[in-house]
Structure formats: structure tokens, C-alpha cells
Amino acid sequence: AKREVQVGEMKSLFVSFAAHQLKTPSSVVKGFLELMLRQGESAYSKDQWHFLTSAFESNENLIVVSKTLLNMARLEGGLIEPDIRSFDPHATLQAKIGSYAPVYEAKKLRITLAGVDSDSGLSLNTDESFFTEVFGILLGNAIKHSPNESEILVTYTLLKDKCEVHVIDQGAGIAPAIREKLFNKGQDTSEGDENSHGLGLFMAKKYIALLGGTIGLAERDAEAPGSDFYFSVPNVD
């Protein structure tokens with residue numbers, strides 16, 4: 001038993017160290033790539049733009065991996081607890097969408113946010129960082145699997161007792177064989193994707209569990225393209 005505890009502690013330390021070592025240089029690379037992307041597609045040849053956007057997307061994936069590993073180590077160590085505060089979900093969702101601008105603009109995607117007006121007077125009481133992380137995971141997957149020049153619709157419903165968010169894309173959808181295993185560790189939303197770490201939805205489920213909410217894949221009409229991922233969190237009194 002003592003040996004298992006020691007191995008577990010060493011594993012957590014290694015994961016935390018590796019995550020930190022990956023995150024810092026990746027963030028520096030991101031800054032340079034963003035500067036290059038701001039010049040626009042017209043400043044590069046077709047091949048150069050393809051390589052540049054591919055490099056940015058791959059680096060973003062590396063940043064997500066390092067952050068996910070770090071948070072996973074913290075969760076397993078019981079070092080993360082919800083910090084319940086009041087905030088405007090509309091502003092939070094809009095800010096997170098904006099942080100993905102270089103990625104979705106490179107693919108010429110349109111992202112629409114629709115829901116309760118931010119002037120309605122209602123606020124959401126939950127952990128904003130967990131809420132943002134879960135939304136970022138779903139949005140990142142939607143951007144990744146969306147065809148160029150398509151649309152992603154983000155909707156939210158804010159009530160006195162809960163807030164529910166949907167991220168609807170126009171991608172290829174989720175294969176029936178994957179649906180039941182979607183939120184397991186190591187399972188990606190698509191098969192045969194070498195660039196995916198398969199931890200995103202697993203971590204999202206962990207965050208939602210800490211908030212006492214639900215997360216899943218909504219049913220879509222057979223003729224409707226894409227996927228509709230959603231999550232719901234209680235609006236704590």
C-alpha cells in the first residue's frame with residue numbers, strides 16, 4: 001500500500017512538472033504565431049498560410065494538453081474545489097469565443113452566441129473557471145471538427161435554478177460506436193485522429209461533477225448535420 005502511494009505521488013509530480021515545462025514555451029510560440037496570423041491570408045502564399053494555420057492549431061492543442069494534464073493532476077490530488085461566485089454568463093461565453101478567434105477565423109467559421117440578454121438582471125452563481133473550462137473544451141472540439149466556412153451556434157438559457165449551454169456545429173457528427181464512450185479517458189470525438197489526446201470530454205465531465213451539473217450529447221434530427229453538445233450547471237442560491 002505504501003509503495004502504491006509513493007508511485008501515485010511520483011506520477012502526480014511528474015505530470016505536473018511535464019505540464020509546466022510544455023506550457024511555457026508553447027505560450028511563447030503562440031505569441032509569435034498570432035503576430036504572423038494578424039497579417040492576414042493575403043500576406044502569404046496558399047501553402048504558407050496552410051502551414052501557418054496548421055502550426056497554430058497544433059500549438060494550441062499542445063497548450064490544451066499541458067493545461068489538461070496539470071488540472072487532472074490537481075483534481076486527482078484533491079487540490080481543486082469550486083469557488084462559487086456571481087457572474088454574467090453572456091460576457092464569459094463571449095470572452096471565451098474571442099480567445100479562439102485566430103483558430104476559427106483561419107477556417108473562416110462563423111460563431112453565433114444567442115441566449116438570455118445580458119441586461120435581464122439575472123446572474124449565474126457557480127465556479128466561473130470551471131464553467132469556462134467546460135465551454136472551452138466543447139467549443140474547441142466544435143471548431144476542430146467543423147468544415148471550413150461553416151457555422152457554430154452557441155446557445156444558453158439562464159434560469160433562476162440553472163444555466164444550460166449548447167454548442168452546435170455542422171461537422172460530420174458522432175459515430176454511434178463512439179457515443180457511449182465519449183466521456184471516457186482517452187476517447188476522442190472522432191476515430192483515427194492522431195492529433196487528439198482524448199482527455200477533453202473526460203475532464204469536462206469531472207468539472208461538471210464537481211458543480212453538480214450534467215453534460216452530454218443531445219439528439220439531432222437524422223437530416224441535421226453536426227453535433228449538439230450541452231452542459232448544465234445549477235444556479236446556486
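Attention in this report is confined to the structure presented alongside it. Just so you know, these numbers come straight off a predicted model, no measurement behind them.

As a further point, take the overall build of the protein chain. Across its full length, the protein chain carries seven helices and seven strands. Tracing the protein chain from N to C terminus, the helices and strands come up as α-α-β-α-α-β-β-α-β-β-α-α-β-β. Going through the 237 residues of the protein chain one by one, you find that 41% of them count as buried. If you sum the accessible surface of the protein chain, you get close to 13,200 Å²; carbon and sulfur atoms cover 53% of it.

Note on sheets: strands pair through backbone hydrogen bonds, and any given pair is parallel or antiparallel. Reading across from one edge, 2-4-5-7-6 is the order of the five strands in this open sheet, with mixed pairing throughout. The sheet is open, and its two borders are formed by strand 2 (110–115) and strand 6 (214–217), each paired with just one other strand. When strand polarity is set aside, the average angle formed by the axes of neighbouring strands in this sheet is 10°. Contacts from helix 7 (residues 200–211) reach strand 6 and strand 7 (228–234), with the element oriented near 25° to strand 7.

For the rest of this paragraph, the subject is helix 5 (residues 128–145). Its 18 residues give helix 5 an end-to-end C-alpha distance of 26 Å, which sits within 8% of 26 Å, the value for a rise of 1.5 Å per residue. Where burial is concerned, most of helix 5 is hidden: 13 out of the 18 residues are buried.

Attention now moves to the side chain of Ser146. Assignment of secondary structure puts Ser146 in the loop between helix 5 and strand 4 (151–158). Polar side-chain contacts of Ser146 include one of 2.5 Å to the backbone oxygen of Ala142. Each residue touching Ser146, except ones within four places of it in the same chain, is listed here: Lys107, Leu109, Ile152, Asp169 and Gln170.

Let us look at the packing of aromatic side chains. In total, this model carries four aromatic pairs according to the counting rule given. Considering the side-chain rings of Phe131 and Phe231, the 5.4 Å spacing of their centres and the 70° angle between planes classify their relative orientation as edge-to-face. With Phe131 in helix 5 and Phe231 in strand 7, this residue pair connects regions lying 100 residues apart in the sequence. Of the two residues examined, Phe131 and Phe231, each falls in the buried class.

Our next topic: the environment of Gly216. Along the chain, Gly216 falls in strand 6. The class for Gly216 is buried, based on a relative accessible area of 7%. Distance from Gly216 to Phe229, taken between C-alpha atoms, is 5.9 Å for residues 13 residues apart in sequence. Apart from the residues within four sequence positions on either side, Gly216 is in contact with Phe183, Asp228, Phe229 and Tyr230.

Scoring rules and cut-offs
- Residues numbered from 1 in each chain as written.
- Predicted model: local features only at pLDDT ≥ 70, side-chain atom pairs only at ≥ 80, totals over all residues.
- Heavy atoms only, no water.
- Helix = DSSP H or I, 4+ residues; strand = E, 2+ residues; numbered from the N terminus.
- Buried < 20%, exposed > 50% of the residue type's maximum accessible area, 1.4 Å probe, protein only.
- Areas by Shrake-Rupley, 256 points an atom, 1.4 Å probe, with all protein chains shown as cover.
- Pairing = 2+ DSSP bridges.
- Axes fitted to C-alpha atoms, helices over the stretch in contact; angles between N-to-C directions.
- Contact = heavy atoms within 4.5 Å.
- Expected span 1.5 Å × (residues − 1).
- Polar contact = N/O pair within 3.5 Å; in protein donor to acceptor, adjacent residues only side chain to side chain.
- Phe/Tyr/Trp six-rings, centres within 6.5 Å; stacked < 30°, edge-to-face > 60°.

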